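Architecture and fold: a report
The residues making up each chain are set out below.
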Amino acid sequence: MTDLTRLSAAELAEKIHAREVSSAEVTQAHLDRIGQVDDFVHAFLHVDAEGALAAARAVDSALADGQAPVSPIAGVPLALKDVLTTEGVPTTCGSKTLEHWIPPYDATVTRKLREAGVPILGKTNMDEFAMGSSTENSAFGPTHNPWDHARIPGGSGGGSAASLAAFEAPLAIGTDTGGSIRQPGAVTGTVGVKPTYGGVSRYGLVAFSSSLDQAGPCARTVLDAALLHEVIGGWDPLDSTSIDAPVPPVVAAAREGLRGDLTGVKVGVVKEFSGEGYQGGVQRSFEGAVEQLKALGAEVVEVSCPNFVYALPAYYLIAPSECSSNLARFDAMRYGLRVADDGSHSAEEVMSLTREAGFGPEVKRRIMLGTYALSSGYYDAYYGSAQKVRTLISRDFEAAFEKVDVLVSPTTPTTAFKIGERVDDPMAMYLADLCTIPSNLAGNAAMSVPSGLSDEDGLPVGLQIMAPALADDRLYRVGAAYEVARGSITDRVPELKGVSA
Amino acid sequence: MTAVAEVMDYAEVVERFDPVLGLEVHVELNTKTKMFCGCPNEFGGEPNTHVCPTCLGLPGALPVLNGKGVEGAIRIGLALHCEIAEWCRFARKNYFYPDMPKNFQTSQYDEPIAFNGYLDVTLDDGEVVRVQIERAHMEEDTGKSLHVGGATGRIHGAEHSLLDYNRAGVPLIEIVTKPIVGMGERAPEVARAYVTALRDLLLALDVSDVRMDQGSLRCDANVSLMPKGSSEFGTRTETKNVNSFRSVERAVRYEMTRQAAVLVSGGTVTQETRHFQEADGTTSSGRTKETAEDYRYFPEPDLVPIAPAREWVEELRGTLPEMPAARRKRIQTEWSLSAEELRDLFNSGAVDLVEATVAEGAKPNDARSWWVNFLAQEANARETELAALPITPAQVARVAALVDSGELTNKLAREVVKGVLAGEGEPDEVVEKRGLKVVSDDSALLAAVDEALAAQPDIADKIRGGKVQAAGAIVGAVMKATKGQADAKRVRELIIERVGA
Amino acid sequence: MPNISRDEVAHLAKLARLAVTDDELNVFAGQLDQILDAVAKVSEVAADDVPPTSHAVPLTNVFREDVIRPGLTQQQALAGAPAAEDGRFRVPRILGEEQ
């Protein structure tokens, strides 16, 4: 009997829609898997078995009635990052502040998933309020990388990526502000995509950095990610920054890519994303990927984006600034944690004591950094200057995309580091986002697709593909072609402790 | 700690100092929905029933701009002769206060939608003053707090507070004047006249209810003093809680006298927010802040820039009604009114009614006289607004026409009007029912004359003797006998005739 | 030469309504100083003739119709409230002024 948890989303959809297997069975199989391994992996903060099975049964029932599937992935279960609101289901954002919060409304992404007949297995672990690169900043304990329990799964969306690598879910949703979908994808050997900014609604996405945040698809294959991308993407009247244009034809592009021919595609290797700080194994895996792209018919050139070296500092000014404002609403007055309300403290004191108790150190650091960068007297030098760097980064991309169709780089300079290794060194932690940040600043689309295992430590490495805004389909064509040529990675994930033989 | 502040005699103040004013007026727009969400913009309603994730500031919620709010802002800007921005943005004004769900206000900072305008204000004596407008910008209102446990329901001494967010997010336009200088002793009067004129303008635009008593029109008065001969502005205070036009005048006047006393005693004016005390016309100090608030403004990332097309702006300009100042000029000219008559007319609030009555065919003087005198008295007696009286301009015009044609005397006309007010029907119906027509039939009058003469024979002698004035007593008797429905002039003629015969 | 003093960090914490402890202050001051050092380089390239980008997506004039949209019930609104009374959110006594 096929292990349903080893199939791709596309394969599962086919079987469910052909009624070879029911969505309820598939969903239950994944719930069982979660039950077996999640004590070990800790990808999930909340499992909603009841809700997921009810949704699955609804899909089965409609199919039994002879109705066409409501979407190409109807019936295929999914793990949702705990930063997107789910009505009636806890949404914590990995923070003590929202430990017991149950939203009264669904995010648009959540609603679209429900309308697409996708059962939501549960909410996945994350760095608190999406701030981090390791999921160690979660108030509820870290998630472990299925490839090595002692290592981080990446962040902030480590839970979503780990759930895929642990076969707890065939699909997941993450959010990416500085690399929080792509970097976990890279270090867990899975696929993660940050769509064009504005391509997926942010309504119900608890804001970290409003001008950078974007929800996106996570999966084990490029085609699966494409199928999910088409379900969640599109204009939303509730999000003023969402783009009023059709979702780029990403599924068609993925299928096109699977034919394995990249003749005519121009690929640019970003010169600035190499050298010191990049592990040898990562570097070599990347070079191997580039060779593979050439073998597929792509024309590869080196491209220089000189302002990219300013991307990291600009990001660590813009994101904290916006977050210092976005997180001000967590003041113990209307929802969330409240401490010290004993009659002897003023509202202001309750606010301060609650925020002190409810936020972890990384969140506090960024709030203070952002408060500083926006202060009168400092605005021009810090926030104002960072906004100018954004312009320069966009110009570098524009110039590059005049010469090439896509840009490539390693997704992140190292493989998964050990849990605890960088927790006390914020600057070292920030370096994980070196390659991913420019796309967030420019609003472009970017994908991480596994490029194999590092020859140094056997851990997954990711290839990052970057495309101009609104050209998300290019990612999928190149990514799918590369994936086919590269061969499978996920069948090499070690067996997880806790699984009964 | 609240010692009664020393004040200087007003005459002395204006002799020694030049006051400088700055008036900030907030206007709540009368759109159907709030500024950034589709919740109802209504008064009343159970607390927290006109709320949604956006105006409640729930995690994940996003704002979407109300087009009608933008329209209102532009129309206000045009009516104030402002330039309308070709491109502008919203900004976040960051500070913590429980009545603000996000702990930032979405407002406009250095890019207001309208700027550099003016308003011509007519003072009581007819003098016209041009007040320069710095800007008008869009923002959102806060929720409302009830302070429980203190003596007066105010915030001082309260034990806790209760928050209702029904009004949070209501569209607000803030109108700021440039410093108003050179008004001397008339400064308080100018302040009141400005706010009144602004109210009239906004009423004419139909963008707001503009009720100071309900909070849809709010005024903060900034006052500072310059020693005569100096050109450097002094330190200003901002006075809030000014809830009527008269309070604006009183607050400005009081601050002038208070600040003068401080300066003359060698002290310095503290830059602070003060509260107007309705009961005694003084201002009291707000709680002192340790440092001035740093709002850390930055462009609102969740809303995109507004770039009103010039065609749209011109289209809106075409929807502007005749502005109050222009209307005053036109009415004064068309109806040949003196400055005093004009003032009385506008102060009585009867202009619309008078114009409507003229439109129904009445002569301007007649229409004016009816509404400003008799009907205004009736309205006062009934403690109601003129417009609420149960008589229409058409009916008033009819009565005026009847007087014109001689069918009614003024006295009879007043009876008719009273009848209409009492609900007895149209003017002609009242005349009929009450038999109020002027008796124009000579034979009927003669009968009454003869009777009266017979009753007072000595009068007849007096008249024959040359004392024509004595006829007055007979006229009076005849008027009484005919219940006032005789034309006194005709009666007098008949008496003279009769006696002479 | 530190970019930011411990006192300044304490001030920031106050502005941001964070009741940080003394120990935290010591650690944060050092870390923030280090971070500010690294991010300050943005001013190197932020020339006067470079316009700032506030929005990645080049949209303008996104409006909605002035039409009522169903919101939350009072119960839903208050569901997560730490304290509620008479249909309102109950909060401890407020010291500061409305703006």
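Scroll up a little and you will see the structure.
Here the residue index of a chain counts from 1 through its sequence in written order. Each chain is given a letter, starting from A, and each ligand a number, starting from 1, according to the order in which they appear as written. Totals for whole chains, interfaces and linings use all residues, but because this is a predicted model, local features are given only for residues with pLDDT of at least 70 and pairs of side-chain atoms are given and counted only at 80 or more. To obtain the side-chain values, all non-hydrogen atoms of the structure were included, while hydrogens and water were left out.

**Brief notes about the overall build of chain A**
In terms of regular secondary structure, chain A is built from 16 helices and eleven strands. Throughout, radius of gyration means the C-alpha value; the globule benchmark is 2.2 Å times the number of residues raised to the power 0.38. A globule of 501 residues ought to have a C-alpha radius of gyration of about 23 Å, and chain A, at 21 Å, matches this closely. Each principal axis of the C-alpha distribution contributes one length, and for chain A these read about 65 × 55 × 45 Å. Any residue under 20% of the maximum accessible area for its type is buried, any over 50% is exposed, and the rest in between are partly exposed; the area is computed with a 1.4 Å probe on protein chains only. Taken across its 501 residues, chain A has 68% of its residues classed as buried. Here, two residues are considered to be in contact whenever any of their heavy atoms come within 4.5 Å of each other. Here the contacts in chain A between residues at least 6 apart in sequence split such that 76% fall between residues at least 24 apart. In this description a helix means any DSSP run of H or I spanning at least four residues, a strand means any run of E spanning at least two, and both kinds are numbered starting from the N terminus.

**What to know about the interface of chain A and chain B**
At the junction of the two partners, chain A supplies 37 residues and chain B supplies 31 residues. Take the accessible area each of two parts loses on contact, using a 1.4 Å probe, and add the two losses: that sum is the buried area. Taken together, the two surfaces of chain A and chain B that pack against each other cover about 2600 Å², and 59% of this comes from carbon and sulfur. When a carboxyl oxygen of Asp or Glu is within 4 Å of a side-chain nitrogen of Lys or Arg, the pair counts as a salt bridge. One can count one salt bridge joining chain A with chain B. Across the salt bridge formed by D302 of chain B and R202 of chain A, the nearest N and O atoms sit 2.9 Å from each other. For this analysis, a polar contact is any N or O atom pair within 3.5 Å, provided that within protein one partner can donate a hydrogen and the other can accept it, and provided that sequence-adjacent residues contribute only side-chain to side-chain pairs. At the boundary of chain A and chain B, one finds 17 residue pairs in polar contact (both at pLDDT 80 or more). For the side of chain A that touches chain B, the elements supplying multiple residues, two or more each, are α10 (311-326), α11 (347-358) and α12 (361-374) of chain A. Element by element, the count of residues in the side of chain A that touches chain B is highest for α10 of chain A, at four residues. Residue composition of the side of chain A that touches chain B, grouped by class: 18 nonpolar, twelve polar and seven charged. Charged means Asp, Glu, Lys or Arg here, nonpolar means Ala, Val, Leu, Ile, Met, Phe, Trp, Tyr, Cys or Pro, and polar covers whatever is left, Gly included.

**What about the sheet that holds strand β9 (residues 406-410) of chain A?**
All names here are of chain A. In short, DSSP must find at least two bridges between two strands for them to pair. Strand order in this open sheet of eleven strands is β1-β3-β2-β4-β6-β5-β10-β11-β9-β7-β8, and the pairing throughout is mixed. Edge positions in the sheet fall to β1 (44-47) and β8 (299-303), since each of these pairs with one other strand and no more. On average, each strand axis in the sheet is inclined to that of its neighbour by 25 degrees, with strand direction left out of account. Direction of pairing for strand β5 (residues 191-194) relative to strand β10 (residues 445-453): antiparallel, over a ladder of three bridges. Interaxial angles span 0 to 180 degrees and are taken between N-to-C directions of axes, which are lines fitted to C-alpha atoms, for helices over the stretch in contact.

**Some thoughts on the interface of chain A and chain C**
By a widely used convention, the size of an interface equals the accessible area lost when the partners come together. Counting residues at the interface gives 64 residues for chain A and 55 residues for chain C. Between chain A and chain C the total buried area reaches about 4900 Å² when both faces are included, carbon and sulfur atoms providing 67% of it. Between chain A and chain C we count one salt bridge in total. In this structure, the salt-bridge partner of E24 of chain C is K364 of chain A, at a minimum N-O distance of 2.7 Å. Among the residues forming the side of chain A that touches chain C, the class breakdown is 34 nonpolar, 17 polar and 13 charged.

**A short note on helix α10 (residues 393-404) of chain B**
With twelve residues, α10 of chain B extends 16 Å from end C-alpha to end C-alpha; this agrees with the ideal 16 Å at 1.5 Å per step. Those residues of α10 of chain B lying buried are P393, Q395, V396, A397, V399, A400 and L402 of chain B. To estimate how far a helix should reach, multiply one less than its number of residues by 1.5 Å.

**Notes on the environment of G268 of chain A**
Residue and element names in this part refer to chain A. One can find G268 in strand β7 (residues 266-270). Accessibility expressed as a relative area gives 0% for G268, which makes it buried. C-alpha of G268 to C-alpha of V300: the two residues are 32 residues apart in sequence and 5.8 Å apart in space. Leaving out residues up to four positions away in the same chain, G268 has contacts with V301, V303, V404, V406, L407 and V408.

**Description of the pattern of salt bridges**
In this structure the tally under the stated criterion is 62 salt bridges over all chains. Between D455 of chain A and R284 of chain A there is a salt bridge; the shortest N-O distance is 2.8 Å. A residue pair is termed long-range when its members are at least 10 positions apart, and D455 of chain A in the loop between β10 and β11 (460-467) and R284 of chain A in helix α9 (residues 280-295) qualify at 171 residues. The partner of R434 of chain B in a salt bridge is E415 of chain B, with the nearest N and O atoms 3.6 Å apart. Of this pair, R434 of chain B sits in helix α12 (residues 427-434) while E415 of chain B is found in helix α11 (residues 410-421), placing the two residues 19 residues apart along the sequence. The exposure class assigned to E415 of chain B is partly exposed, which follows from its relative accessible area of 32%. In this structure, a network of salt bridges that share partners links the residues E322, R327, R330, E334, D352 and E355 of chain B.

**Remarks on the sheet that holds strand β8 (residues 144-148) of chain B**
Across the sheet, four strands lie side by side as β8(B)-β9(B)-β3(C)-β2(C); this open sheet has antiparallel pairing. Each having just a single partner strand, β8 of chain B together with β2 (84-85) of chain C make up the two edges of the open sheet. Pairing of strand β9 (residues 160-164) of chain B with strand β3 (residues 88-92) of chain C involves four bridges; the strand directions are antiparallel. From the neighbouring strand, L162 of chain B faces β3 of chain C, where its bridge partner is R90 of chain C.

**Observations concerning the side chain of N444 of chain A**
Note that N444 of chain A resides in the loop between α15 (437-442) and β10. What N444 of chain A contacts, discounting residues up to four positions off in sequence, is K194, P195, T196, F397, F401, S439, A467, P468 and A469 of chain A.

**Here's the deal with the environment of N137 of chain A**
All names here are of chain A. Here N137 shows up in the loop between β3 (120-124) and α5 (158-165). What makes N137 partly exposed here is its relative accessible area of 21%. Considering only alpha carbons, one finds N137 and M126, eleven residues apart in sequence, at a separation of 7.6 Å. With residues near it in sequence (within four places) discarded, N137 still touches G94, D127, E128, M131, G132 and E362. Within polar-contact distance, the side chain of N137 engages the backbone oxygen of M131 at 2.9 Å.

**Overview of the packing of aromatic side chains**
Residues and elements named next belong to chain A. The criterion for an aromatic pair is that two Phe, Tyr or Trp rings (for Trp, the six-membered ring) have centres within 6.5 Å, with stacked assigned to planes under 30 degrees apart, edge-to-face to planes over 60 apart and tilted to the rest. Per the stated rule, a full pass over the model turns up 22 aromatic pairs over all chains. A centroid spacing of 6.1 Å and a plane angle of 40 degrees characterise the contact between W101 and Y335, whose relative ring orientation is tilted. Taken as a pair, W101 in the loop between β2 (78-81) and α4 (108-115) and Y335 in the loop between α10 and α11 lie far apart in primary sequence, 234 residues in all. The class of Y335 is buried, set by a relative accessible area of 3%. Taken together, the ring pairs connect W101, F129, F330, Y335 and F359 into an aromatic cluster. For a lysine, the NZ atom is tested; for an arginine, the CZ atom; a charge sits over a ring if that atom is within 6 Å of the ring centre and within 35 degrees of the ring normal. Directly above the aromatic system of F167 lies the positively charged group of R6, at a separation of 3.7 Å from the ring centroid. In this arrangement the basic side chain of R422 is found over the ring face of F417, its NZ or CZ atom lying 4.1 Å from the centre.

**A short note on empty space enclosed by the protein**
Throughout, the protein atoms alone are placed on a 1 Å grid, and a set of points is a cavity if a 1.4 Å probe fits but cannot get out or a pocket if it is open with protein on both sides within 12 Å along at least five of seven lines; lining residues have an atom within 4 Å of a point. Grid points are joined across faces, edges and corners, and a volume is the space filled by probe spheres set on the points. Summed over all chains, the structure comprises six cavities of 30 Å³ or more. Of the voids in this model, the largest cavity is the one considered here, and its volume is about 210 Å³. Looking at the largest cavity, it is lined by 22 residues, and the ones nearest its centre are T54, C55, K102, T106 and E140 of chain B. If one sorts the elements of the lining of the largest cavity by residue count, strand β5 (residues 104-107) of chain B sits on top with three residues. Tallied by class, the residues present in the lining of the largest cavity amount to ten nonpolar, five polar and seven charged. Its volume calculated, the second largest cavity comes out at about 90 Å³. Along its surface, the second largest cavity is lined by 16 residues, and G199, A245, P246, V247 and P248 of chain A are the ones closest to its centre. Its residues assigned to classes, the lining of the second largest cavity shows nine nonpolar, six polar and one charged.

**Concerning α4 of chain A**
All names here are of chain A. Of all the residues in α4, the buried ones are T108, V109, T110, K112 and L113. Buried-residue contacts for α4 involve β2, β3, β4 (171-175), β6 (215-219) and α7 (222-232). After α4 finishes, the residue G117 shows a positive phi value of roughly 75 degrees.

**Re the environment of G30 of chain C**
Inspection of the secondary structure puts G30 of chain C in helix α2 (residues 22-39). C-alpha separation for the pair G30 of chain C and A10 of chain C, spaced 20 residues apart in sequence, amounts to 13 Å.

**Quick notes on the nonpolar core**
Nonpolar cores are built from buried Ala, Val, Leu, Ile, Met, Phe, Trp, Tyr and Cys residues. Side-chain atoms within 4.5 Å join them into one set. Grouped together as the largest cluster of nonpolar side chains are 176 residues, with contacts concentrated most on L113, F129 and Y476 of chain A. Tallying contributions element by element places α10 of chain A first for this core, with nine residues. Setting aside chain neighbours within four positions, we find Y476 of chain A in contact with V193, P217, V222, A225, A226, H229, V250, A253, A254 and M447 of chain A. Residues V121, V131, M212 and L303 of chain B belong to the second largest nonpolar core, which totals 70 residues.

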